[in-house]
Structure formats: structure tokens, C-alpha cells
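# Understanding the architecture of this molecule
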Amino acid sequence: SIEVLPSMSPSSMCSLGSTSHFIEHILPSELWAKVYAFVDLKQALYTRLVSIELARGVNTYLQQLGSNEGMEQTGFRLTLKLADETEMARDMLLAKLSVAKHLSGPYINLDLSGCGITNRNTHWILKALEEPSTIQRLQLVDNRLGISGIKEIAEGIRVNNSMEDLNLGHCGIADRGARAVGAALEENSRLRGLNLAGNQITDDGVVALARGLISNSGLNALDLTGNHLTCLAAEVVAEALQVNGHLKALAMNGTGDIQDPGCIALAQALTVNNSLQSLSVAHNPFTCKAITALADTLLTNKSLTHLNISSTSTRDEGATSLAMALAENHALVHLNLGHTLISSEGALAFADAFRVNTTLQTLNLASCSVKDNGAAAIADALLTNDVMLWVNLSFNPLTEQVANNLSTLLHQHNRKANLHFI
């Protein structure tokens, strides 16, 4: 159960470690920060939600936090959200956070997205990341860090041994920032997730990141979505994938100019790589040649479970190649082909695949050109498929009557698969 308690004074902070799993602190001072703290108490029977007003702001909060002796034993998790504030307020918060880093109990999830952080503030973040540090997750989305600022963050990556997830999306780091981050990856083995989406990075920056991937043994997820990349970027990442055996998720969506050769290079790398589980390359101008290369990879690859090639120029020929590969593939679980040029011919090929494939659970064909006969074939195949959970056929040129009839048919046969038409 959740109990909402009245506001408390800072002096009542000392008792929080013995009463609650989940505590929300709202600081209605000039900081307007939100702090979520999760306390793992072994014998607690219920969860309380406590709203605490701290009249003296972050300084008082951290003093009380530091005096809580039971914190180290309970495993304290702190998430801090700072809204857009004055530079003085940001500096105060970050300075106090760097002072609090010596605490061995907290694992801090720090969200400073859209807070106006610049290179005038990042030195405090660097101090907070230097060992010993308890920051586990850091989000700096939509801040203009500048080249000196990103270099300080990169230095923090290099020396930090606690942070597992770093989100630098839309920070304008460009190639110089990417090079700094890539160099840091060569020495850091703790970071698991890195988001560099929307950062105006070009091929030159990705070359440095790929160099870091070759020697890095910790990173599991890399997001390069929305950068200005060409086939060269895909090719150098593909080369890194042939050596790196740790990366599990790669996103290069919406780059605009990764064409068939780049996709083919990634597909060929996956014939060697056996660690990548998720590949997302949507919103790129791939043709049938690239999709066929991915289909050929699926014939032998045993690690890829998620494949997103939506919003590409995939046509029925590519869909048929993928469907034929699914007849032999026993790893892929989710396939996204939404917003492509697939028609009923491709849908018929997937229906045949559903009759023999035993692993695929979801297929997205939304906003394609599948008509009634293609949808009917898929529904018929689902009557004997015990694995599929979801097929999205929304925004296809289907008649309402056929859509209703197919949904009723699956319901009458108690099939767990759902066809989505809306």
C-alpha cells in the first residue's frame, strides 16, 4: 500500500532510513529540484510516499543525508531531478553533490536534462564523477556543454568506476566531443549504456568511437540516432563489431545517408559477432539489396533478437527474403517493418513463415500496403502458431469488415496472438 504523509521538516530526515522504501522530496526553493530516494529495507511490510519540504534546500538535505547512519546498511538509491534554474543554483547543487560522493551507501541517479548546464558548470560534475563516486546513472540531455565541458565529462568517464549509464543526447558535442568520449571508452570498462543521439556527429567522430569500442570491454548499448552519418560510419562500426564481443544494442536510426553498403557491412559483421542482440537502423534509405543482406545474416546469426528496419524502402522482395530466413532462424523475437513499401505479397510470405517459425513474437507492418488477402493469410497462419503475440497491421488499406472478421476468428479460437488494425 502507499500512504501519503504530510510535509516534514528537515529535522525529520533522520528517521527516513527506518520507515520507507520510497521517498519523494520536493524542494520548493529556488532550486525546484525533485529527489526520489529508494531505500531497500529487508523487513519493511509496506511502502510509504513521503513529501518533504526542505526550507534550506540542497545544502540541508545533503547534511541530513550524510548524518544518516543507517543508510549504508539499507542500500540507498537517490534519483535527483533538477529543473531549469539559475547558474548559482546549479553550481550549488553540483558542488554539494560532489561533496557527498564519499558516501558509500547511495547509488545516485542524476537527471540534469534541460537544466542549462554549460562548460561553466561541468567541473562540478567532473568532481562528482571522480573516485570515489556513487553516481550510477547520469542524464545530461539538452544541455549545451561546449567542447571544454564535454572534455570534462569525458575525463569523468575515464576515471569513474561506478557510472553504468550516460545520456548525452542532444548536447551538441559534435565530432570533437565524440573523439573525447571515444578516447575515454578505451580506458573505461564500467559504463554499460551510452546515448549520443542528436549530437551533430559525423563519420569522423564515429571513427573515434569505433576505436574505443574495439578496446572497450564493458559497453552494452550505444545510440547514435539522428547524427549526420554516411556509409563510412556504419562500416567502421561494423569493423568494431567483428572484434567487440560485449555490445548488445546498437541504434543508428535516422542518420539520413547510411545507404545499402553501410547496412551490408553491418549485416556481414553479424555473421561473426555473436553478442549483439538489438540492431535498430530505421529511417535510412535502404533498398532490397541491403534487406536481403540482413536476411542472409539471419540464416546463421544466433544472437540477434530485435531488428528494427522500419521507415526504409523495403519492398516485397526484401520482405520475402526476411520471411524465408525466419523459416530457419531461431533467435529473432521482434521485427519492425512499419512504414515500408510491403504489400500483400510480403504479408503472404510472412504468413508462410509463421507456420514454421517458433521464436518470433511481434511483427510490425503498420502503415504499409497490406490489403485484405494479406491480412487474412496472416490471421490464418496465427491459428496454428503458439508463439506470436502481436502483429500490427494498423493504417493499411484493409476493409473494416475483414478486419472485424479476422479479430473475431482469432478470439473464437482462443489464440493469444493479437492483430492490431487501428
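From a predicted model like this one, the values you see are computed outputs, not experimental measurements.

Turning our eyes to something else, we now look at the overall build of the protein chain. Secondary structure assignment for the protein chain yields 14 helices and 17 strands. The 422 residues of the protein chain split such that 54% are buried. Residue pairs in contact within the protein chain that sit at least 24 positions apart in sequence constitute 85% of those at least 6 positions apart.

The next thing to look at is the packing of helix 12 (residues 344-354) against helix 13 (residues 372-382). Between two packed helices, what matters for the description is the angle formed by their axes and the separation of those axes. Contact geometry for helix 12 and helix 13: axes closest at 8 Å, N-to-C directions at 5°. By the criterion of interaxial angle, the relationship of helix 12 to helix 13 is roughly parallel. Facing S344, A347, L348, A351 and F354 of helix 12, the residues of helix 13 in contact are N373, G374, A377, I378, A381 and L382.

When you line up the elements, H123 lands in helix 4 (residues 122-129). Note on H123: relative accessible area 27%, which makes it partly exposed. With 33 residues separating them along the chain, H123 and G156 place their C-alpha atoms 9.5 Å apart. Among the polar contacts listed, one links the side chain of H123 to the backbone oxygen of R120, at a separation of 3.4 Å.

Moving on, we come to unusual backbone geometry. With a phi close to 60°, H283 is a non-glycine residue in the positive phi region. As for its position among the elements, H283 is in the loop between strand 12 (278-280) and helix 10 (288-298). Of note, F395 is a non-glycine position whose phi angle comes to about 60°, a positive value. In this structure, F395 sits in the loop between strand 16 (390-392) and helix 14 (400-412).

Right, let's talk about the nonpolar core for a bit. Ranked by size, the top nonpolar core spans 106 residues in total, and within it L250, M252, F350, F354, I378, L393 and L419 carry the most contacts. Looking at this core, the element that brings in the most residues is helix 8 (residues 231-241), giving seven residues. Once residues within four sequence positions are removed from consideration, F354 is found in contact with L360, L363, I378, A381, L382, N385, M388 and V391.

This part takes up the pairing of strand 7 (residues 135-139). Along any regular strand the residues' side chains alternate between the sheet's two faces. Counting buried positions over the five residues of strand 7 gives four, a clear majority of the element. Remark: the strand 7/helix 5 (residues 146-159)/strand 8 (residues 165-167) crossover connection has right-handed handedness.

Within the secondary structure layout, A375 lies in helix 13. Considering only alpha carbons, one finds A375 and L393, 18 residues apart in sequence, at a separation of 7.6 Å. Leaving out residues up to four positions away in the same chain, A375 has contacts with V370, L393, L398 and L406.

Moving on: helix 5. Counted at 1.5 Å a residue, the expected span for helix 5 with its 14 residues is 20 Å, and the 20 Å between its end C-alpha atoms agrees. What helix 5 keeps buried is the set G149, I150, I153, A154, G156 and I157. The buried residues of helix 5 occupy one face: seen down the axis, they fall within an arc of 155°.

This part takes up the pattern of salt bridges. Enumeration according to the criterion identifies six salt bridges in this entry. A salt bridge links E187 to R158, with the nearest nitrogen and oxygen atoms 3.2 Å apart. Of this pair, E187 sits in the loop between helix 6 (174-185) and strand 9 (193-195) while R158 sits in helix 5, and the two are 29 residues apart along the sequence. E164 serves as the salt-bridge partner of R190, at 2.9 Å between the closest nitrogen and oxygen. Separated by 26 residues along the polypeptide, R190 in the loop between helix 6 and strand 9 and E164 in the loop between helix 5 and strand 8 bring together distant segments of the chain. Taking relative accessible area as the criterion, R190 reaches 28% and is therefore assigned partly exposed. Residues joined in a network through salt bridges with shared partners are E155, R158 and E187.

Turning next to helix 10. Counting buried residues along helix 10, eight of its 11 residues qualify, which places the element largely inside the surrounding structure. Those residues of helix 10 not exposed but buried are C288, A290, I291, A293, L294, A295, T297 and L298. Next to the buried residues of helix 10 lie helix 9 (260-269), strand 12, strand 13 (306-308) and helix 11 (316-326).

Our next topic: the side chain of N273. Following the sequence through the fold, N273 ends up in the loop between helix 9 and strand 12. A polar atom in the side chain of N273 sits 3.1 Å from the backbone oxygen of N244. Within the structure, N273 has its side chain in polar contact with the backbone nitrogen of S275 (distance 2.8 Å). Setting aside its immediate chain neighbours within four residues, N273 contacts L241, N244, N301 and S303.

This part covers the side chain of T122. Considering the arrangement of structural elements, one finds T122 in helix 4. T122 has contacts with I117, L145, G149, E152 and I153, leaving out every residue within four places of it along the chain.

Mapped onto the elements, A319 comes out in helix 11. Those residues within four positions of A319 in sequence are excluded, and the remaining contacts are T314, I342, G346 and F350.

Looking at the protein chain as a whole, its pLDDT mean stands at 79, while 74% of the residues score no less than 70. Confidence drops under a pLDDT of 50 for residues 1-80, and excluding neighbours within four residues, the segment shows 165 contacts in the predicted structure.

With that settled, the discussion passes to the packing of helix 5 against helix 6. Put simply, helix 5 and helix 6 touch, their axes get as near as 8 Å, and they point 10° apart. Classed by the angle they form, the pair helix 5 and helix 6 counts as roughly parallel. Facing I147, I150, K151, A154, I157 and R158 of helix 5, the residues of helix 6 in contact are R176, G177, A180, V181 and A184. The class makeup of the residues in the contact of helix 5 with helix 6 is seven nonpolar, one polar and three charged.

The rules we used
- In every chain, residue numbers begin from 1 and rise along the written sequence.
- Residue-level local features of this predicted model are given only where pLDDT is at least 70; pairs of side-chain atoms are given and counted only at 80 or more, and the full residue set underlies all totals for whole chains, interfaces and linings.
- Side-chain figures throughout are based on the complete set of non-hydrogen atoms in the structure, without hydrogens or water.
- A run of H or I in DSSP becomes a helix once it reaches four residues, and a run of E becomes a strand once it reaches two; helices and strands are each numbered from the N terminus.
- Categorising residues by exposure relies on relative accessible area from a 1.4 Å probe, with only protein chains included: less than 20% of the type maximum marks a residue as buried, more than 50% marks it as exposed, and the intermediate range marks it as partly exposed.
- Note on contacts: a residue pair is in contact if any heavy atoms of the two residues lie within 4.5 Å.
- Note on definitions: angles span 0 to 180 degrees between N-to-C directions of axes, and those axes are lines fitted to C-alpha atoms, for helices only across the stretch in contact.
- In these notes the angle categories are as follows: under 35 degrees is roughly parallel, over 145 is roughly antiparallel, 65 to 115 is roughly perpendicular, and the rest is oblique.
- Under the rule applied, a polar contact is a pair of N or O atoms within 3.5 Å (in protein, one hydrogen donor and one hydrogen acceptor; residues adjacent in sequence only if both atoms are side-chain atoms).
- Definition used in this section: a nonpolar core is a set of buried Ala, Val, Leu, Ile, Met, Phe, Trp, Tyr and Cys residues joined via side-chain atoms within 4.5 Å.
- Looking down the strands as they point away from the viewer, one classifies a crossover as right-handed if the path from the first strand across the helix to the second runs clockwise.
- Multiplying one less than the number of residues by 1.5 Å gives the expected span of a helix.
- The directions considered for the arc are those from the helix axis to the C-beta atoms.
- Any Lys or Arg side-chain nitrogen found within 4 Å of a carboxyl oxygen on Asp or Glu counts as a salt bridge.
- The pLDDT value expresses, per residue, how confident the predictor is, ranging between 0 and 100.
- Three classes are used, and their members are as follows: Ala, Val, Leu, Ile, Met, Phe, Trp, Tyr, Cys and Pro are nonpolar, Asp, Glu, Lys and Arg are charged, and the others, Gly among them, are polar.

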